[in-house]
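# Coordinate analysis (summary)
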Amino acid sequence: MNRYKIRSILDFIRSQGRLPTDERGVILHQDDIVAWFGLNKLLTVQEQRLVKQELLAMIEAEAFMERLRLEQR
């Protein structure tokens, strides 16, 4: 997969604000985020796998930053 395509997809997701959450405020699993944005219909299985790896890193980073914000209070 073209790395620019991956970067563009991730930039688009970031531009939407915080990552999607469930009703309890927990960030969705990367499989669910791919479906949320309709990427499961637009990307090949291999492309989805690469995007999911990047989404996992984004999820971990966002969760860490939330914990950091809570610690600063």
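The paragraphs below set out a description of the structure included in this document. (Residues numbered from 1 in each chain as written. Predicted model: local features only at pLDDT ≥ 70, side-chain atom pairs only at ≥ 80, totals over all residues. Heavy atoms only, no water.)

What follows covers the overall build of the chain. Regarding its fold elements, the chain presents four helices and zero strands. What you see in the chain, going N to C, is helices and strands ordered as α-α-α-α. The C-alpha extent of the chain, read off along each of the three principal axes, is 40 × 25 × 20 Å. Contacts in the chain between residues at least 24 apart in sequence constitute 55% of all its contacts with a sequence separation of at least 6. Side-chain charges of the chain comprise 12 positive and 11 negative groups, with the mean position of each set lying 4 Å from the other. (Helix = DSSP H or I, 4+ residues; strand = E, 2+ residues; numbered from the N terminus. Contact = heavy atoms within 4.5 Å. Lys, Arg positive; Asp, Glu negative; His and termini not counted. Charge placed at Lys NZ, Arg CZ, Asp CG, Glu CD.)

This paragraph deals with the pattern of salt bridges. Two side chains with opposite charge may pair up if their charged atoms get near one another. Counted according to the given criterion, the structure contains seven salt bridges. Across the salt bridge formed by Arg 14 and Asp 11, the nearest N and O atoms sit 3.3 Å from each other. Placement of the pair is Arg 14 and Asp 11 together in helix H1 (residues 3-15), with a separation of three residues, close to one helical turn. The partly exposed category is assigned to Asp 11, whose relative accessible area is 39%. With a shortest N-O distance of 3.3 Å, Arg 69 and Glu 66 are connected by a salt bridge. One end of the pair is Arg 69 and the other is Glu 66, both in helix H4 (residues 45-72) and three residues apart, which spans about a single turn. Residue class for Glu 66 comes out partly exposed when judged on its relative accessible area of 27%. What you see here is one network of salt bridges that share partners, running through Arg 18, Glu 62, Glu 66 and Arg 69. (Salt bridge = Lys/Arg side-chain N within 4 Å of Asp/Glu carboxyl O. Buried < 20%, exposed > 50% of the residue type's maximum accessible area, 1.4 Å probe, protein only.)

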